[in-house]
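Chain by chain, the residues run as shown.
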Amino acid sequence: MKKYLITISVLLALSLLGTCISAAFAMGDLGVSVSQGVSALGETIKDLCRAADEEGFPSRWDWEGYWDNWEAAGSAFEYYEDRQALPGPVTGLDLTNSLGEMTVQPSGTEESYYVLSCRARRGYVPAVSSSLQDGVLRLRLDKDRVNPLHYMKKLRIDLYLSQSTLESLSVVCSAGTFQASGLSFRQVEARVSAGEVDLSAAGFADTVKLLVSAGDLEYLGDAAALDAEVSTGDLDFEGKVSESCKVSVSAGSAELSLLSLPQNTSLFCTAGDISLEIPSDDGFTILQKSSSLSDCSFDFDLAKAVRDGKTSYTYLNGGKEISVSASAGSIEIQPGD
């Protein structure tokens, strides 16, 4: 009940400010009245925030602290840096970034550690959710759980690993940026719902799974199997794929530069664009299924055949198979440089 009374009081305070402005126009003393109204409104909100805190209402955003920070402008912030050593060897990474910048790279030493840095409100210690279990390191940069936005700026975490080969990498980026380079992973899964992800893998992965629902994802590396889905946003992939490549785009775009053609390639497009570059010295057969609303182009010297209502195109001796299905949007297959 008291929560509703406090809300009503805030509305009454806003109404008071409007009354002061109206009175100013009537009395011809706008400056004085507006100043008095703003001052009264500020004091009222600060009193209400104190009352809310005393009543035990959720105070995750600490409105009184936010008001003080507003008054102090940028002077309340100072540079913060913290270095934390990892308690044991790391065989896998499970990383989430929904706030700032995150990077992963080899340390070049026998020590694994991370460095947290930002501009933080004076006296406030930024937090990172981290744990190491069965060799898998979990790191979270999450504004909703550990770091209120108004308490810090330019949050960044740099992770340095002593070993350059790991079993797995799982990364989720819903805001900010993520970058990894100089490391090798057997299993890779990256999900991007906003922000930017840049992965440069040093070794050959067994499987690479890339999911983009917004933002940008760039991957440079080799894999036995590639599975990519784009519902919006942009995907760029460059590397060798030996066994299978499956790409589905329902919006946005996917650009793939395959340095070797896998045994089986499947391209599905319901909207958006898919661009595929492949070597020109390898034979293949394209099996096409598309509607009149789509635009498919193949920049090769192909032999066309129609059998049982299905259209196929053969290049050189055929061999490897490329399946193309498009209901809208465009699919383009062309020789690589």
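Everything in this summary refers to the structure shown in the same document. Each chain carries its own residue numbering, running from 1 in the written order of its sequence. In keeping with the predicted nature of the model, local features appear solely for residues at pLDDT of at least 70, side-chain atom pairs appear and are counted solely at 80 or more, and the whole-chain, interface and lining totals rest on all residues. Water and hydrogen atoms play no part in the side-chain values, which are based on all heavy atoms of the structure.

Focus: the overall build of the protein
Part 1 of the reasoning: Labels follow the DSSP assignment, with helices taken as runs of H or I lasting at least four residues and strands as runs of E lasting at least two, numbered in each case from the N terminus. Counting its regular elements, the protein contains three helices and 21 strands.
Part 2 of the reasoning: Burial here depends on accessible area, computed with a 1.4 Å probe over protein chains only, as a share of the maximum for the residue type. Under 20% is buried, over 50% is exposed, and the range in between is partly exposed. Looking at the protein as a whole, 41% of its 337 residues qualify as buried.
Part 3 of the reasoning: In the protein, the share of contacts with a sequence separation of at least 24, taken over all contacts with a separation of at least 6, comes to 52%.
Part 4 of the reasoning: Note that accessible areas follow from Shrake-Rupley with a 1.4 Å probe, and for residues the cover is restricted to the protein chains shown. Only carbon and sulfur atoms are counted for the fraction: they give 50% of the accessible area of the protein, which is about 17,500 Å². Residue contacts are counted whenever heavy atoms from the two residues lie within 4.5 Å of one another.

Side note on the packing of aromatic side chains
Part 1 of the reasoning: Any two of the Phe, Tyr and Trp rings considered here, Trp counted by its six-membered ring, make a pair once their centres fall within 6.5 Å; the pair's planes then place it as stacked at under 30 degrees, edge-to-face at over 60, or tilted in between. Counted according to the given criterion, the structure contains six aromatic pairs.
Part 2 of the reasoning: Seen in terms of ring centroids, F300 and Y315 are 4.9 Å apart; in terms of plane orientation they differ by 65°. Their pairing is edge-to-face. With a gap of 15 residues between them, F300 in the loop between β17 (294-298) and β18 (303-307) and Y315 in strand β19 (residues 310-315) connect regions that are remote in the sequence.
Part 3 of the reasoning: Residue classification places F300 among the buried residues on the basis of a relative accessible area of 12%.
Part 4 of the reasoning: Put simply, the rings of F284, F300 and Y315 pair up and form one aromatic cluster.
Part 5 of the reasoning: The aromatic ring of Y113 is capped on one face by R83, whose charged end is 3.8 Å from the ring centroid. Placement of a charge over a ring requires the Lys NZ or Arg CZ to be within 6 Å of the ring centre, with the centre-to-atom vector within 35 degrees of the ring normal.

Some remarks on the pattern of salt bridges
Part 1 of the reasoning: Any carboxyl oxygen of Asp or Glu within 4 Å of a side-chain nitrogen of Lys or Arg constitutes a salt bridge here. This structure, assessed with the given rule, holds ten salt bridges.
Part 2 of the reasoning: Here K320 ties to D282 by a salt bridge, and the two come within 2.9 Å at their closest N and O atoms. Highlighted residues: K320 in strand β20 (residues 320-326) and D282 in the loop between β15 (273-278) and β16 (284-290), separated in sequence by 38 residues.
Part 3 of the reasoning: Among the ionic contacts, a cluster of salt bridges with common partners joins D94, R138 and R140.

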